[in-house]
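# Fold and contact review
Here are the chains, one letter per residue:
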Amino acid sequence: MGQLRVGMVGYAFMGAAHSQAWRTVNHAFDLPLSAQMTVVCGRNPDSVAAAAAKLGWSEHTTEWRSLIDRDDVDLVDVCTPGDTHAEIALAALAAGKHVLCEKPLANTVAEAREMAAAAVKAQTNGVRAMCGFNYRRVPAVALMKQLIDAGKIGTIRHVRALYLQDWIVDPEFPLVWRLRKDMAGSGALGDIGAHIVDLTQFVTGQSIRSVSALTETFVKERPMPTGSAGLSAGRDGAATGKVTVDDAALFLARLDGGAVATYEATRFATGRKNGLRVEINGSLGTVAFDFERMNELEFYDGSLPVTEQGFTRILVTEPEHPYMSAWWPAGHPIGFEHSFTHEVRDLIEAIATGQNPAPSFTDALRVQLVLDAVERSAASGSWTEVETALIAA
Ligand SMILES: NC(=O)c1ccc[n+]([C@@H]2O[C@H](COP(=O)([O-])OP(=O)(O)OC[C@H]3O[C@@H](n4cnc5c(N)ncnc54)[C@H](O)[C@@H]3O)[C@@H](O)[C@H]2O)c1
């Protein structure tokens, strides 16, 4: 069997999730290529050595350019904050490496456009690029798409999407990189709003065309952190710094297939930890998903006799459900980490069969264009069109 030799940059939250996926994927799925965890990169020599040992990487380095330069790396997996995505991914594509890049693709539309153009150019040499919108690969979400594509809910009228977290409710929580525009691009909007934008565009097959948005930053100054972790950190003395991103982003949207939508992304939904919820109402039925019950899909079939209508709770754990034949006997649930295993499974298949994986960098650029329209709408207070130009004018 051929090999796919992976070099991963960043080894913290997403680095651990992706490592789990690369470690597991060939044990769960029959694939034409075998993933090799060749080298991991981080900035601190001791920490990256410890991470390599813990996560299962053969070698480690502190310089991502040397990782890209290696002849024994076929794919570069970018698991760093958004301010580094463009530079690393562009260098990797230029070196002829396949790229898996975490979401959001970039911190700006300009960077995302450059990355999408580079990915399209690289395709001509058989080089593939994918963005890590992993929630597409939750089996219940994939089933939601199958039902919509099969016409089970008819014409889509409403899209209702929430992504609710509460990890920065405490005003004393430090100013980690996710709260800095220079590193994260935006706040709740790009971090978690990006997921529901991609997920809803994916399952409906419709693109957001215009938005009316508001954003809010409730806590404007926070203690400086020790270290640079994305979701947790200690406090560094009495010093404070300015929060330069949104804490919450809400918007109305019109989709190009005629549906209307509401989106809410916040890190101030006290008690909600990772509440990604999507409900789609159609002319014939409804599908609804809640990540806190990720093995279930709700389906209301309005075509049934009225005496039999009601919400059905589908337990998405049958081998016939998307991805599930690789796992356990019927009725045995899976978790968050499996979405990443499914992601790299699909990526390996695409590379081996010469296909372009989805979401492509162009798909991820389309998400970035929506984020940009939301920010412009929130600033102007008016309805704003999503730009459609995929290449810089
Ligand atoms: N798909 C998802 O569900 C999901 C979840 C969380 C984060 N993310 C995305 O993943 C990316 C990383 O987020 P995270 O939560 O893992 O962050 P994190 O802070 O936990 O980890 C970031 C890692 O990048 C490393 N790093 C930063 N700059 C570097 C550089 N110049 N060279 C080498 N290493 C560098 C850090 O040392 C750390 O290992 C972000 O784009 C984020 O939006 C996606």
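Relevant structure appears above.
Quick caveat: nothing in here was measured; it's all calculated off a predicted structure.

Rules behind the numbers
Residues numbered from 1 in each chain as written. Predicted model: local features only at pLDDT ≥ 70, side-chain atom pairs only at ≥ 80, totals over all residues. Heavy atoms only, no water. Helix = DSSP H or I, 4+ residues; strand = E, 2+ residues; numbered from the N terminus. Buried < 20%, exposed > 50% of the residue type's maximum accessible area, 1.4 Å probe, protein only. Contact = heavy atoms within 4.5 Å. Pairing = 2+ DSSP bridges. Axes fitted to C-alpha atoms, helices over the stretch in contact; angles between N-to-C directions. Disulfide = S-S within 2.5 Å.

## Side note on the environment of G56
Turning to its location among the elements, G56 is positioned in the loop between α2 (45-55) and β3 (59-61). Under the relative-accessibility criterion, G56 is labelled partly exposed at 39%. Ignoring anything within four residues of it in the chain, the contact list for G56 reads M37 and A51.

## A word on unusual backbone geometry
Omega for the bond connecting K103 with P104 falls within 30 degrees of zero, at -20°, which places this linkage in the cis form. Looking at the element boundaries, P104 is found in the loop between β5 (98-102) and α5 (109-123). Residue P359 is reached from A358 by a cis peptide bond, and omega for that bond is 0°. Mapped onto the secondary structure, P359 falls in the loop between α9 (336-353) and α10 (361-380). Notably, Y323 is not glycine yet its phi reads approximately 70°, a positive angle.

## Quick notes on the sheet that holds strand β12 (residues 260-266)
Reading across the sheet, the 9 strands line up as β16-β15-β14-β13-β7-β12-β11-β8-β17 and stay open at both edges, with mixed pairing between neighbours. Either end of the sheet is taken by a strand with one partner, and the two such strands are β16 (311-315) and β17 (384-385). Against the sheet, helix α6 (residues 139-149) makes contact with β7 (156-164), β13 (275-282), β14 (285-290), β15 (296-301) and β16, and its axis sits at roughly 165° relative to β14, the strand it touches most. Contacts between α10 and the sheet are confined to β8 (208-216), β11 (248-255) and β17, with β8 contributing the most and set at about 55° to the helix.

## Examining the state of the cysteines
Counting across every chain of the model gives 0 disulfides. In this model C41 remains outside any disulfide bridge; the closest cysteine sulfur is found in C79, 11 Å from its own. The class for C41 is buried, based on a relative accessible area of 4%. The closest cysteine sulfur to the non-disulfide-bonded C131 is located on C101, 5.7 Å from its own sulfur. Looking at C131, the relative accessible area reads 1%, which means it is buried.

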